[in-house]
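Here's the letter readout for the chains.
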Amino acid sequence: MLGSQSKLVQEECSIIGWKEWLVLPDLGVPALKAKIDTGARTSALHTFSLEEFTRQDKLMVRFGIHPLRKQNKIELFCEAPVFDRRFVKDSGGHSEMRYVIKTTAILGSMQWPIQITLTNREGMMFRMLLGRTALRHRFVVDPSQAYLTGRELAMSYPNSKIRR
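All values reported here derive from a predicted model rather than from experimental measurement.

Analysis parameters
- Residues numbered from 1 in each chain as written.
- Predicted model: local features only at pLDDT ≥ 70, side-chain atom pairs only at ≥ 80, totals over all residues.
- Heavy atoms only, no water.
- Pairing = 2+ DSSP bridges.
- Helix = DSSP H or I, 4+ residues; strand = E, 2+ residues; numbered from the N terminus.
- Axes fitted to C-alpha atoms, helices over the stretch in contact; angles between N-to-C directions.
- Salt bridge = Lys/Arg side-chain N within 4 Å of Asp/Glu carboxyl O.
- Phe/Tyr/Trp six-rings, centres within 6.5 Å; stacked < 30°, edge-to-face > 60°.
- Lys NZ or Arg CZ within 6 Å of the ring centre and 35° of its normal.

Regarding the pairing of strand 10 (residues 110–119)
As defined by bridge partners, strand 4 (residues 43–46) adjoins strand 10 across four bridges and the pair is classed as parallel. From the neighbouring strand, Ser43 faces strand 10, where its bridge partner is Ile116. Here nine bridges tie strand 9 (residues 95–107) to strand 10, and the two strands are oriented antiparallel to one another. Bridge pairing in strand 10 places Tyr99 opposite Leu118. Here strand 9 folds back onto strand 10 in antiparallel fashion, the turn holding two residues, of which Gly108 has a positive phi close to 65°.

Pasting the structure below:
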């Protein structure tokens, strides 16, 4: 029975690698390399200059993103309504209160809403982690593969020095 359920899941889900390029169109992010992290429950996005404000009685956040690692000259500034605030434990076991936003993600031909926590990931290899809640019922991860949805999004930043 377990084998047939596994086969059914694989037939209904797209196969992706352990790292992929994706788009966050609601935030104006044309390309972002994400680590596909089945160990993380919630997705996380690297931010800086994070500040909250109110617009029409709605709590909002404004923040900057360096979408490419080691290329801080490329900065994108985003705004989003705050969906939640919650404590999140990082891989080292440290707990941090984070803002949570809802936004649209595009990975390959799939577009769907996800929740993202906002945090400083400056020293990390990836600007974004795509967690298992966002992956559930949509993707199967092949950890031996990378960029199964393509590398074309890397060209979104023409003057950068991206290792594709």
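Notes on the sheet that holds strand 7 (residues 76–81)
Spatially, three strands are ordered 5-6-7 in an open sheet, and the strand pairing comes out antiparallel. Of all the strands in the sheet, the pair left with one neighbour each is strand 5 (48–55) and strand 7. Averaged over all neighbouring strand pairs, the angle between strand axes comes to 20°, with direction disregarded. Pairing of strand 6 (residues 58–65) with strand 7, which is carried by six bridges, proceeds in the antiparallel orientation. The partner of Gly64 across the bridge, within strand 7, is Phe77.

Remarks on the pattern of salt bridges
Close approach of charged atoms allows side chains with opposite charge to pair. Applying the stated criterion to the full structure yields five salt bridges. A single salt-bridge network, built from bridges that share partners, covers Glu51, Arg55, Arg62 and Glu79.

With respect to the packing of aromatic side chains
Under the definition given, this model contains three aromatic pairs. Consider the rings of Trp18 and Phe126, whose centres lie 5.7 Å apart with planes at 80°: the pair is edge-to-face. With Trp18 in the loop between strand 1 (14–17) and strand 2 (19–24) and Phe126 in the loop between strand 10 and strand 11 (128–131), this residue pair connects regions lying 108 residues apart in the sequence. Positioned over the ring face of Phe53 is Arg62, at 4.0 Å from the centre of the ring.

Let's talk about the environment of Met110
By secondary structure assignment, the location of Met110 is in strand 10. Along the sequence, Met110 and Leu22 sit 88 residues apart, while their C-alpha atoms lie 9.9 Å from each other.

Some words on unusual backbone geometry
A positive phi is found at Ser49, a non-glycine position, where the angle reads about 50°. Looking at the element boundaries, Ser49 is found in strand 5. Even without being a glycine, Gln56 presents a positive backbone phi close to 50°. Within the secondary structure, Gln56 sits in the loop between strand 5 and strand 6.

Note that all results are geometric; they support no functional claim without further evidence.
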